[in-house]
There are 2 protein chains.
Amino acid sequence: MQDDEFADVMRALGHPVRLSILRILAEKAQHECCCTDVTECLPLAQSTVSQHIKVLLDAGLVERHPQGTRNCYKLSPGRLDALNAAFSGLFSGLVADIAPAQRRPETEPA
Amino acid sequence: MQDDEFADVMRALGHPVRLSILRILAEKAQHECCCTDVTECLPLAQSTVSQHIKVLLDAGLVERHPQGTRNCYKLSPGRLDALNAAFSGLFSGLVADIAPAQRRPETEPA
DNA sequence: TTCTTCTATCGGTATCTGGCGATGAACCCT
DNA sequence: AGGGTTCATCGCCAGATACCGATAGAAGAA
């Protein structure tokens, strides 16, 4: 995952309401979960929730499944895995460079 | 880590330039790395880089160590660990709820 | 067809963000 | 004291974001 794309996903995760929406979708993964359902769990207007969902959709974290008159939303497991991989990659890349600096200089791997 | 704080950190990671700055600091972890050093690696004005660093400072991802006339920056390993833990917590919380829904309903753990 | 429900989108407003140049404070070295 | 370097901060501007209410379109129900 490129930096631009990764940054977009990070920004999508960068709002407490959107974290809540992800958890709500995870909790209700067994049932169908439409925009109205999510709105009922939050102290926000439907239009606002719809916009937050759109951000998550654009980031690929959530999938839309139209079911008759409503839109059913669910998390995208594949995207979550990719995100997890990208995050682990960033993290290990950072600490890999940190760690040797915090030990003795000669302990760096060959 | 609370959602608000976690979201702040995610937002701090939500810009390609700031990802670059983190990598630059990791690479140069052995040496001292001041704002000017970082600026030389990026096609941006010093004031812009300083503001990005401030975002990372506010998120706790980076520490400042004044050294004479310059400010030396380095990653905060403790904060990175906390971030990694929080991210893993979010991720596993999400997939823990997804996974049973994607298998059979009766396979849910006791 | 007509009614209801659901939801994406539009318009409006307030706030935040990202970029720059300029500036002043702090710290070194003569 | 005087000169040079570093860097945080300010002012400015353009564009993005967050929130709302209102609305229109699509789909099912009557």
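Calculation notes
Residues numbered from 1 in each chain as written. Chains lettered and ligands numbered in written order. Predicted model: local features only at pLDDT ≥ 70, side-chain atom pairs only at ≥ 80, totals over all residues. Heavy atoms only, no water. Near = heavy atom within 4 Å. Polar contact = N/O pair within 3.5 Å; in protein donor to acceptor, adjacent residues only side chain to side chain. Helix = DSSP H or I, 4+ residues; strand = E, 2+ residues; numbered from the N terminus. Nonpolar A, V, L, I, M, F, W, Y, C, P; charged D, E, K, R; others polar. Least-squares fit on C-alpha atoms with pLDDT ≥ 70 in both. Contact = heavy atoms within 4.5 Å. Pairing = 2+ DSSP bridges. Axes fitted to C-alpha atoms, helices over the stretch in contact; angles between N-to-C directions. Parallel < 35°, antiparallel > 145°, perpendicular 65-115°, else oblique. Expected span 1.5 Å × (residues − 1). Buried < 20%, exposed > 50% of the residue type's maximum accessible area, 1.4 Å probe, protein only. Arc of directions from axis to C-beta.

A. Highlighting the protein's contact with DNA strand D. Near DNA strand D there are 23 residues, and of these A:Thr48, A:His52, B:Thr36, B:Ser50 and B:Tyr73 occur at the shortest range. The sugar-phosphate share of atoms of DNA strand D within 4 Å of the protein amounts to 63%. At 3.2 Å from a base oxygen of DNA strand D is found a side-chain nitrogen or oxygen belonging to A:Ser47. Between a phosphate oxygen of DNA strand D and a side-chain N or O atom of A:His52, the distance comes to 2.5 Å. Listing elements by their share of the surface near DNA strand D, those giving two or more residues are α4 (46–58) of chain A together with α3 (35–40), α4 (46–58) and β2 (70–75) of chain B. Here the residues of the surface near DNA strand D are counted per class, giving five nonpolar, 13 polar and five charged.

B. The relation of the copies chain B and chain A, seen in detail. After a rotation of 180° and a shift along the axis of 0.0 Å, chain B superposes on chain A with an RMSD of 0.1 Å. Here the symmetry operator amounts to a two-fold rotation axis. A symmetric contact is evident, with 100% of the interface residues of chain B recurring at the interface of chain A.

C. How the structure looks around the protein's contact with DNA strand C. Residues in contact with DNA strand C amount to 23 residues; listed here are only the nearest, A:Thr36, A:Ser50, A:Tyr73, B:Thr48 and B:His52. Among all atoms of DNA strand C positioned within 4 Å of the protein, those belonging to sugar or phosphate total 64%. Contact distances for DNA strand C include 3.2 Å between a base nitrogen and a side-chain N or O atom of A:Gln46. Looking at the surface near DNA strand C, the elements that each hand over two or more residues are α3 (35–40), α4 and β2 (70–75) of chain A together with α4 of chain B. Among the residues forming the surface near DNA strand C, the class breakdown is five nonpolar, 13 polar and five charged.

D. Representation of the pairing of β2(B). All names here are of chain B. Inspection of the sheet shows strand β1 (residues 62–67) paired to β2 by six bridges, in the antiparallel sense. Bridge assignment links Arg64 to a residue of β2, and that residue is Tyr73. Between the end of β1 and the start of β2, which pair antiparallel, lie two residues, with Gly68 showing a positive phi angle near 65°.

E. Here's a closer look at the packing of helix α2 (residues 16–27) of chain B against α4(B). All names here are of chain B. With their axes 10 Å apart at the nearest point, α2 and α4 run at an angle of 80° to one another. The angle between α2 and α4 places the two elements in the roughly perpendicular class. Mapping the contact onto sequence places Val17, Arg18, Ile21 and Leu22 in α2 and Val49, His52, Ile53, Val55 and Leu56 in α4. Of the residues that constitute the contact of α2 with α4, the class distribution is seven nonpolar, one polar and one charged.

F. Geometry of α4(B). All names here are of chain B. The terminal C-alpha atoms of α4, which comprises 13 residues, lie 18 Å apart, in line with the 18 Å expected from a rise of 1.5 Å per residue. What α4 keeps buried is the set Val49, His52, Ile53 and Leu56. Across the axial projection of α4, the buried residues extend over an arc of 100°, all falling on one side. In α4, the exposed positions that point more than 90 degrees away from the buried face belong to Gln51 and Asp58. In the core, the buried residues of α4 are packed alongside α1 (3–12), α2, α3, β1 and β2. A positive phi of about 80° marks Gly60, the residue just after α4.

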